[in-house]
Amino acid sequence: MSEVGPGLARQIQTYMDGLQGRRADVPFDMAALEARAKEALTPEAWAYIAGGAGSEATERANRAALDRWKVVPRMARDCASRDLTVKLFGRTLPAPLLTAPIGVLSLAHPEADLAVAHATSALGLPMIISNQASFPMEQIADCAAGPKWFQLYWGRSDELVASLARRAEACGCEAIVVTLDTTILGWRARDLDHGHLPFLRGQGIAQYTSDPVFRAMLPEPPEKNPQAAAVMFTQVYSDPSLSWEKLKTLRRHTRLPILVKGIQHPEDAALAVTHGFDGIVVSNHGGRQVDGAAGSAEMLALCADRVGGRIPVLFDSGVRGGADAFKALAMGADAVCVGRPYVWGLAAAGRAGVQAVLANILAELDLTLALAGHKATAGLRRDALMAG
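Here we take up the overall build of the chain. Scanning the chain from N- to C-terminus turns up 16 helices and 12 strands. Since a compact globule built from 388 residues should have a radius of gyration of about 21 Å, the 20 Å found for the chain is in line with a globular shape. In terms of overall dimensions, the chain has C-alpha extents of about 70 × 50 × 40 Å along its principal axes. Within the chain, the proportion of its 388 residues that are buried is 56%. For the chain, the exposed surface amounts to about 15700 Å²; the carbon and sulfur share of it is 54%. On the chain, the mean spot of the 39 positive side-chain charges and the mean spot of the 40 negative ones are 2 Å from each other.

Our focus in this paragraph is empty space enclosed by the protein. Taken as a whole and assessed by the stated rule, the structure comprises two cavities of 30 Å³ or more. By volume, the largest cavity is sized at about 460 Å³. Contributing to the lining of the largest cavity are 31 residues, with Pro101, Ile102, Gly103, His285 and Arg288 lying nearest its centre. Sorting the residues of the lining of the largest cavity by element identifies helix H3 (43–50), strand S6 (148–153) and helix H16 (340–371) as the ones contributing at least two each. Partitioning the lining of the largest cavity into residue classes produces 15 nonpolar, 10 polar and six charged. Roughly 30 Å³ of internal volume is contained in the second largest cavity.

Bringing the environment of arginine 91 into the picture now. In this fold, arginine 91 is placed in strand S3 (residues 91–93). Among the residues examined, arginine 91 registers a relative accessible area of 33% and is labelled partly exposed. Sequence separation of arginine 91 and glutamate 174 is 83 residues, and the distance between their C-alpha atoms is 9.4 Å.

Take threonine 182: it is sitting in the loop between strand S7 (176–179) and helix H8 (189–194). Here threonine 182 falls in the buried class, since its relative accessible area comes to 4%. There is a polar contact of 3.2 Å between the side chain of threonine 182 and the side chain of histidine 285. Excluding anything up to four places from it in sequence, threonine 182 contacts Tyr153, Arg188, Tyr237, Ser238, His285 and Gln289.

With that settled, consider helix H7 (residues 158–170). Look at H7: 18 Å from first C-alpha to last across 13 residues, which is about the 18 Å you get at 1.5 Å a residue. All of the buried residues along H7 are Leu160, Val161, Ala162, Ser163, Leu164, Ala165, Arg167 and Ala168. In this structure, the buried side of H7 is in contact with helix H6 (137–143), S6, S7, helix H9 (206–209), helix H10 (212–217) and helix H11 (226–236). Positive phi appears at glycine 172, one or two residues downstream of H7, with a value of about 100°.

Looking now at the packing of helix H1 (residues 5–19) against H16. Where H1 contacts H16, the axes come no closer than 6 Å and their chain directions differ by 120°. Here H1 is positioned oblique relative to H16, judged by the angle of their axes. As for the relative orientation of H1 and H16, their crossing is left-handed in sense. Residue-level contacts link Gly5, Pro6, Gly7, Leu8, Arg10 and Gln11 of H1 to Ala356, Ala359, Asn360, Leu362, Ala363, Asp366 and Leu367 of H16. Residue classes in the contact of H1 with H16 are distributed as seven nonpolar, four polar and two charged.

Taken together, the side chains of Val4, Leu8, Ile12, Met16 and Leu19 present a nonpolar region at the surface, about 480 Å² in accessible area. Topologically, leucine 8 is positioned in helix H1. Using a relative accessible area of 33% as the deciding quantity, one classes leucine 8 as partly exposed.

Okay, the packing of aromatic side chains next. What characterises a pair of aromatic rings is the spacing of the ring centres plus the angle enclosed by the ring planes. The tally for this structure, following the rule as stated, stands at eight aromatic pairs. Measuring from centroid to centroid gives 5.2 Å for phenylalanine 199 and phenylalanine 233, while their planes differ by 50°, and the two rings are tilted. Placement of the pair is phenylalanine 199 in the loop between H8 and H9 and phenylalanine 233 in helix H11, with a sequence separation of 34 residues. Its relative accessible area of 2% is what places phenylalanine 233 among the buried residues. Taken together, a centroid distance of 5.6 Å and an interplanar angle of 75° make the contact between tyrosine 208 and phenylalanine 214 edge-to-face.

Before going further, it helps to spend a moment on the pairing of S7. With burial as the criterion, each face of S7 is covered, one bearing Ile176 and Val178 and the other bearing Val177 and Thr179. Taken together, the four bridges between S6 and S7 define a ladder with parallel strand orientation. Pairing of leucine 152 across the sheet is with valine 178, part of S7. Handedness of the crossover joining S6 and S7 through H7 is recorded here as right-handed. Pairing of S7 with strand S8 (residues 258–263), which is carried by four bridges, proceeds in the parallel orientation. The residue of S8 that forms the bridge with valine 178 is valine 260.

Our next topic: the pattern of salt bridges. Tallied over the entire structure, the rule returns 20 salt bridges. Arginine 82 is the partner of aspartate 366 in a salt bridge, and the nearest nitrogen-oxygen pair spans 2.6 Å. Of this pair, aspartate 366 sits in helix H16 while arginine 82 sits in the loop between strand S1 (69–71) and strand S2 (86–88), and the two are 284 residues apart along the sequence. A residue is classified by how much of its surface remains accessible, and aspartate 366, at 1% relative accessible area, is buried. Exposure remark for arginine 82: the relative accessible area of 7% places this residue in the buried category. Across the pair arginine 167 and aspartate 211 runs a salt bridge, and its minimum N-O distance is 3.0 Å. Of this pair, arginine 167 sits in helix H7 while aspartate 211 sits in the loop between H9 and H10; the two residues are 44 residues apart in sequence, bridging distant segments of the chain. Because the salt bridges share partners, they merge into one network encompassing Arg63, Asp67 and Asp324.

Scoring rules and cut-offs
- Residues numbered from 1 in each chain as written.
- Predicted model: local features only at pLDDT ≥ 70, side-chain atom pairs only at ≥ 80, totals over all residues.
- Heavy atoms only, no water.
- Helix = DSSP H or I, 4+ residues; strand = E, 2+ residues; numbered from the N terminus.
- Rg over C-alpha atoms; globule rule 2.2 N^0.38 Å.
- Buried < 20%, exposed > 50% of the residue type's maximum accessible area, 1.4 Å probe, protein only.
- Areas by Shrake-Rupley, 256 points an atom, 1.4 Å probe, with all protein chains shown as cover.
- Lys, Arg positive; Asp, Glu negative; His and termini not counted.
- Charge placed at Lys NZ, Arg CZ, Asp CG, Glu CD.
- 1 Å grid on protein atoms, 1.4 Å probe; cavity = no way out; pocket = protein on both sides within 12 Å on 5 of 7 lines; lining within 4 Å.
- Points joined across faces, edges and corners; volume = space filled by probe spheres on them.
- Nonpolar A, V, L, I, M, F, W, Y, C, P; charged D, E, K, R; others polar.
- Polar contact = N/O pair within 3.5 Å; in protein donor to acceptor, adjacent residues only side chain to side chain.
- Contact = heavy atoms within 4.5 Å.
- Expected span 1.5 Å × (residues − 1).
- Axes fitted to C-alpha atoms, helices over the stretch in contact; angles between N-to-C directions.
- Parallel < 35°, antiparallel > 145°, perpendicular 65-115°, else oblique.
- Left-handed = near helix turned anticlockwise from the far one by under 90°.
- Patch = residues over 30% accessible without salt bridge, like charges linked within 9 Å, V, L, I, M, F, W, Y side chains within 5 Å.
- Salt bridge = Lys/Arg side-chain N within 4 Å of Asp/Glu carboxyl O.
- Phe/Tyr/Trp six-rings, centres within 6.5 Å; stacked < 30°, edge-to-face > 60°.
- Pairing = 2+ DSSP bridges.
- Right-handed = clockwise from strand over helix to strand, strands pointing away.

Shown next, in the form of structure tokens:
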């Protein structure tokens, strides 16, 4: 607990820098940061990072669902010292923030996932390494001195799934997050307009081309025939027949905690508990899969209530700042995953941009906690909010 805290510390440093004529390289305003990122990216890269499914109504719903909840501050409650720590799977983290897994980060910056690993390590925050990363998980893990988890897409080869899980455990990942909502790619109009799918160009498939099981499927090594590797990836990466029973077989291949990501319906939250999974992530993939779906924050409280504290509940989709994180925590999330904002920071300024964005969100969360009259993120309850 600290009377200064990350919020005041970041403010003071920024204003002191201003006295010396120094301005931040990365915009604090999220709209300005997004615009900066768009300027830095190719039209194809921007479409892939910014786009959603169909008319992108779900992207808009994610923001509307968070905006519908209003923070109701309490006064004179002695919030000089605040505790942002959270305990997940036996590890105490400095704050309830993680980076969500986002694929093909090389579209935003050459350092891609390595930049995110360095940035999260500097802040002590967990990184969820993407199944569609631009570098092999082992190389990313070497750059991540802090905690790291691994996101897993369940493909058509159970042997490949097992290999990816074993590699994640071997390289120091502390949990596996199985993404359930992308067994088929959503209808993404922006990417279709450009005729651009990065995986077919060999981008974002480094976990596969570095995997011995996948390499054994190929007629030639991917270094010699990258196009064949890209085509093979499209044939094995997802499995629409995935079931809860098949998911449970992952226990044979790893001792790590297993979370399931993409939960929206409270019945699925209950099934995750029933089938013995260790956590859920309430998410609609940032609006990239189903057009016209409910905003993720609309479903968070319902899912958290069904889980009833039996396993951790994480949240993503639509988070743009510390106040959004505060709302999600008050609605029942144990921790919050940040997505697109850190990719905008990556595009704008590489690893320094990622670190700046995460530090800003952490600072705003700290200040919001204090100004709303609360001493700890772990103690937040729904009565800190009002539905507007």
